[in-house]
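Breakdown of the fold
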Amino acid sequence: MIKSIGIVGAGQMGCGIAHVCAAAGYKVAIYDLSKDRIEAGLATINGNMARQVSHGKLTEEERQAALSHISGSDDVQDLASCDLVIEAATEDESVKRKIFGQICPILKPEAILATNTSSLSITRLAAATDRPERFMGIHFMNPVPVMKLVELVRGIATEEGTFEAAKTFVRSLDKTITVAEDFPAFIVNRILLPMINEAIYTLYEGVGSVEAIDTAMRLGANHPMGPLQLADFIGLDTCLSIMQVLHDGLADSKYRPCPLLVKYVEAGWLGRKSGRGFYDYRGETPVPTR
């Protein structure tokens, strides 16, 4: 029975997962090496819940109760009592492996360990832990409080009991489950990221401007936001790393990252989070950079 959740990483994804878990009544411990990130994350959760109250999605009492369920810590020992720990660190396999090396020795033997990776092999990550049978991918979409979908991905060693417990947990958050096999980037990003990459090629080859491409896909394909705006929202470094995982893992030239995407990442233009990407976010309204 899962009652307490540990989350590794107080970034956008980690805090979003903490938000929905606390709102569903779980006890949540957020672990991060940086106290500043934890404080900023808790402030973000507070602000997002306040917005939900103003929109009538939560009552003030529910917000107070949810916030009382969340604690933040820079001491890994605070994850020791958790029934389920979800790793939500940066999309870098070596970083994730290092984290598993740190947290596995302190977890209860029966605790389930999950990763929020959006593209990496669950089987390979599981092999870096002491509990491949109790390990799986629980991939939330960004922004977590808004998006209804969670991809569940089993590794080759994941036991049926682990999978069933993960399904029960995700349903308790009022999310919809889709089950994906353990192939690079799973379902959503296997389809979404090549589309974004193709939009960047369309820009790179001069077929259309940033504005023309985003308008075309919003109004011509009824997408809620254009692919270049969406790339900025996801983070161009994340987009690049997922394309590299697809290219390396499936060895098909159709997944080759666009050179323009590589150039933007090399420039540190990572999208919304860094102030510049395909749009410049430093002024009042975003302005296309090309």
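- In the annotation of an unreviewed UniProt entry, the entry for the chain reads 3-hydroxybutyryl-CoA dehydrogenase, and the organism field reads Rhizobium paknamense.
- Heading Sequence similarities (unreviewed entry) of the UniProt record for the chain holds this comment: "Belongs to the 3-hydroxyacyl-CoA dehydrogenase family."

**Quick notes on the packing of aromatic side chains**
- Taken as a whole and assessed by the stated rule, the structure comprises 6 aromatic pairs.
- Aromatic pair Tyr26 and Phe169: ring centres 5.4 Å apart, planes at 70°, arrangement edge-to-face. Placement of Tyr26 in the loop between helix 1 (12-23) and strand 2 (27-31) and of Phe169 in helix 6 (residues 160-172) is noted, with a sequence separation of 143 residues between them.
- When the centroid spacing of 4.7 Å and the interplanar angle of 25° are considered together, the rings of Tyr264 and Phe278 count as stacked. Here Tyr264 is found in helix 11 (residues 259-266), whereas its partner Phe278 is found in the loop between helix 11 and strand 9 (279-280), with 14 residues between them in sequence.
- The rings of Tyr264, Trp269 and Phe278 are connected pair by pair, giving a single aromatic cluster.
- Positioned over the ring face of Phe163 is Arg154, at 3.8 Å from the centre of the ring.

**Here's the deal with helix 7 (residues 188-204)**
- Between its first and last C-alpha, helix 7 extends 24 Å over 17 residues, near the 24 Å set by a 1.5 Å rise per residue.
- For helix 7, the full list of buried residues reads Asn189, Leu193, Pro194, Ile196, Asn197, Ala199, Ile200, Tyr201 and Leu203.
- In this structure, the buried residues of helix 7 make contact with strand 6 (135-140), helix 8 (210-220), helix 9 (227-234), helix 10 (236-250) and helix 11.
- Once helix 7 finishes, Gly206 follows within two positions and takes phi at roughly 75°, a positive value.

Rules behind the numbers
- Residues numbered from 1 in each chain as written.
- Predicted model: local features only at pLDDT ≥ 70, side-chain atom pairs only at ≥ 80, totals over all residues.
- Heavy atoms only, no water.
- UniProt positions renumbered as here; feature names shortened; annotations may be inferred.
- Phe/Tyr/Trp six-rings, centres within 6.5 Å; stacked < 30°, edge-to-face > 60°.
- Helix = DSSP H or I, 4+ residues; strand = E, 2+ residues; numbered from the N terminus.
- Lys NZ or Arg CZ within 6 Å of the ring centre and 35° of its normal.
- Expected span 1.5 Å × (residues − 1).
- Buried < 20%, exposed > 50% of the residue type's maximum accessible area, 1.4 Å probe, protein only.
- Contact = heavy atoms within 4.5 Å.

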